[in-house]
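Structural characterization, general
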Amino acid sequence: MKPLLTILAIWALTSCSETPQSVIKTDDNLTTNIKLILEKYEKNDLDVSGYYADSVICKLNNTTFTGYHNLKSGLQAQHDVLYDNIKIDDLYIHTNYFVNGEKWTRAWFNWIATGKTTGNDYVNRVHFDYKWENGKIVEFLAYFPEKGEAEEIAAYSKASNK
């Protein structure tokens, strides 16, 4: 009976141990690439197509579209039409290397800007996810409050229609 209890105890202890599902890195090339992309965005330098797949899938909150050209035109409109003084503050980035081979870089930061039309100051806590395949971003997920952007777009539309 004692050997059976010993075997059951060993089985219980070893079967409950979890194997790692991912490794997190903050000093790798993918993390560095995202930091560079965000620094360039802040400076209105959107020449970062080399990092993205042409057919990148973009999911911004509940809106989904494909194509780097669509992503770039939206980011360009933020600078050219909607906001001044776009800044990124309190940035944290890491990349998850999953055991199934997937690689996701995650970024959290405060996005800060002033509306070109309203003059309102905006500070939004933002979370971005970037999925990598063959050295390119193939999926981009962005989570952020939409209220300020909706207000700025509405103000711009109203001012443009006068």
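This text gives an overview of the structure that appears in the document. (Residues numbered from 1 in each chain as written. Predicted model: local features only at pLDDT ≥ 70, side-chain atom pairs only at ≥ 80, totals over all residues. Heavy atoms only, no water.)

**Details of the overall build of the protein chain**
From N to C terminus, the protein chain includes four helices and seven strands. Along the protein chain, helices and strands appear, N-terminal first, in the series α-β-α-β-β-α-β-β-β-β-α. In the protein chain, the proportion of contacts linking residues at least 24 apart, taken out of those at least 6 apart, comes to 57%. Summed over its atoms, the accessible surface of the protein chain is roughly 10000 Å², and 54% of this surface lies on carbon and sulfur atoms. (Helix = DSSP H or I, 4+ residues; strand = E, 2+ residues; numbered from the N terminus. Contact = heavy atoms within 4.5 Å. Areas by Shrake-Rupley, 256 points an atom, 1.4 Å probe, with all protein chains shown as cover.)

**Here's the deal with the pairing of strand E6 (residues 121-133)**
The pairing of strand E5 (residues 103-115) with E6 spans twelve bridges and is antiparallel. Among the inter-strand pairings, Trp 108 is bridged to a residue of E6, identified as His 127. What sits between the antiparallel neighbours E5 and E6 is a turn of five residues, in which Gly 119 has the positive phi angle 80°. Both E6 and strand E7 (residues 136-143) contribute to a ladder of seven bridges, which runs antiparallel. Residue Trp 132 lies in a different strand from E7, and its bridge partner there is Ile 137. (Pairing = 2+ DSSP bridges.)

**Describing the packing of aromatic side chains**
The full count for this structure, using the stated rule, is eight aromatic pairs. Aromatic pair Phe 128 and Phe 140: ring centres 4.9 Å apart, planes at 80°, arrangement edge-to-face. Pair noted here: Phe 128 is in strand E6 and Phe 140 is in strand E7, with a separation of twelve residues, a long-range link. Taken as a pair, Phe 128 and Phe 140 share a single burial class, namely buried. The ring of Tyr 97 is capped by Lys 25, whose NZ or CZ atom sits 5.1 Å from the centre of that ring. (Phe/Tyr/Trp six-rings, centres within 6.5 Å; stacked < 30°, edge-to-face > 60°. Buried < 20%, exposed > 50% of the residue type's maximum accessible area, 1.4 Å probe, protein only. Lys NZ or Arg CZ within 6 Å of the ring centre and 35° of its normal.)

**Considering the pattern of salt bridges**
Summed over all chains, the structure comprises nine salt bridges. Between Lys 59 and Glu 139 there is a salt bridge whose closest N-O contact spans 3.4 Å. On the criterion of sequence distance, the pair formed by Lys 59 in strand E2 (residues 52-60) and Glu 139 in strand E7 is long-range, its members being 80 residues apart. (Salt bridge = Lys/Arg side-chain N within 4 Å of Asp/Glu carboxyl O.)

**Notes on the layout of surface pockets**
Taken as a whole, the largest pocket spans an internal volume of roughly 600 Å³. Along the walls of the largest pocket sit 34 residues, with Leu 60, Leu 75, Gln 78, Phe 128 and Phe 144 positioned nearest its centre. Elements supplying a minimum of two residues to the lining of the largest pocket: helix H2 (29-42), E2, strand E3 (63-66), helix H3 (68-82), E5, E6, E7 and helix H4 (147-160). Sort the elements by how many residues they give to the lining of the largest pocket and H3 lands first, with seven residues. (1 Å grid on protein atoms, 1.4 Å probe; cavity = no way out; pocket = protein on both sides within 12 Å on 5 of 7 lines; lining within 4 Å. Points joined across faces, edges and corners; volume = space filled by probe spheres on them.)

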